[in-house]
Amino acid sequence: MNSTDTTDSAGTPSRHLSVRIDRPVQEVYAYASNPANLPDWAHGLGESITKVGDQWVAESTLLGRVVVAFAPPNDLGVLDHDVTLPSGETVYNPVRVIADGSGSEVVFTLRRQPGTTDADFERDATMVAADLNQLKRRVESA
């Protein structure tokens, strides 16, 4: 697992967390872009997910009931998704699956939200790293 901290032009810190997966980019993207697979690898987002109308709704002990909306299917490896929290606030999460030789690298950009404490930001980064490592285990064992 790799991570890099950056700050945008507005001074908002971000952390880029990445993992290398020994599978072709198309295979990783196909698995990770399917919202039905989220509970198998993205435990930080939710323990279960169901399609309600045209929305995917995840249930999480930590976050409560959230709506997850992915970028449209694409050939570029873009897995960006919005998570709408019970408060109505929407958090944008940039994620990319990029080719790395015969394998892939998945990069998640964790953006620090206003009012987030150092401890909460570190907790979020730890959860994202765990999710990416679980994605690696799931896809490589398939």
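Look above for the structure.
Residues numbered from 1 in each chain as written. Predicted model: local features only at pLDDT ≥ 70, side-chain atom pairs only at ≥ 80, totals over all residues. Heavy atoms only, no water.

1. Considering the overall build of the protein
Then, in step 1: Across its full length, the protein carries 3 helices and 9 strands.
Then, in step 2: Whereas a compact globule of 142 residues would reach a radius of gyration of roughly 14 Å, the protein reaches 15 Å, a difference of no more than 12%.
Then, in step 3: Its C-alpha atoms put the protein at 40 × 35 × 25 Å along the principal axes.
Then, in step 4: Taken across its 142 residues, the protein has 37% of its residues classed as buried. (Helix = DSSP H or I, 4+ residues; strand = E, 2+ residues; numbered from the N terminus. Rg over C-alpha atoms; globule rule 2.2 N^0.38 Å. Buried < 20%, exposed > 50% of the residue type's maximum accessible area, 1.4 Å probe, protein only.)

2. Some words on the side chain of Asn 37
Then, in step 1: Examined against the element boundaries, Asn 37 turns out to sit in the loop between helix H1 (25-32) and helix H2 (38-41).
Then, in step 2: A polar atom in the side chain of Asn 37 sits 3.0 Å from the backbone oxygen of Tyr 31. (Polar contact = N/O pair within 3.5 Å; in protein donor to acceptor, adjacent residues only side chain to side chain.)

3. Details of H1
For an α-helix the count is 3.6 residues per turn, leaving residues at separations of three or four pointing the same way.
Then, in step 1: Within H1, the full set of buried residues consists of Val 28, Tyr 29 and Ala 32. All buried residues of H1 lie within an arc of 95 degrees about the axis, which places them on one face of the element.
Then, in step 2: The inward-facing, buried residues of H1 contact strand E2 (13-21), H2, strand E5 (64-70), strand E8 (95-100), strand E9 (103-111) and helix H3 (118-141). (Arc of directions from axis to C-beta. Contact = heavy atoms within 4.5 Å.)

4. With respect to the pattern of salt bridges
Then, in step 1: Under the criterion given, the structure shown has 10 salt bridges.
Then, in step 2: Between Asp 80 and Arg 96 there is a salt bridge; the shortest N-O distance is 2.2 Å. With Asp 80 in the loop between E5 and strand E6 (81-84) and Arg 96 in strand E8, the pair connects residues that are 16 residues apart, well separated along the chain.
Then, in step 3: Classification of Asp 80 by relative accessible area gives buried; the value is 10%.
Then, in step 4: The network of salt bridges with shared partners includes Arg 20, Asp 22 and Asp 100. (Salt bridge = Lys/Arg side-chain N within 4 Å of Asp/Glu carboxyl O.)

5. Re the layout of surface pockets
Then, in step 1: Here the largest pocket defines a volume of roughly 660 Å³.
Then, in step 2: For the largest pocket, the lining is made up of 30 residues, of which Leu 63, Val 91, Asn 93, Leu 110 and Asp 124 are closest to its centre.
Then, in step 3: Of all elements in the fold, only H2, E6, strand E7 (90-93), E9 and H3 reach the threshold of two or more residues within the lining of the largest pocket.
Then, in step 4: Across the lining of the largest pocket, the residue classes tally to 18 nonpolar, 5 polar and 7 charged. (1 Å grid on protein atoms, 1.4 Å probe; cavity = no way out; pocket = protein on both sides within 12 Å on 5 of 7 lines; lining within 4 Å. Points joined across faces, edges and corners; volume = space filled by probe spheres on them. Nonpolar A, V, L, I, M, F, W, Y, C, P; charged D, E, K, R; others polar.)

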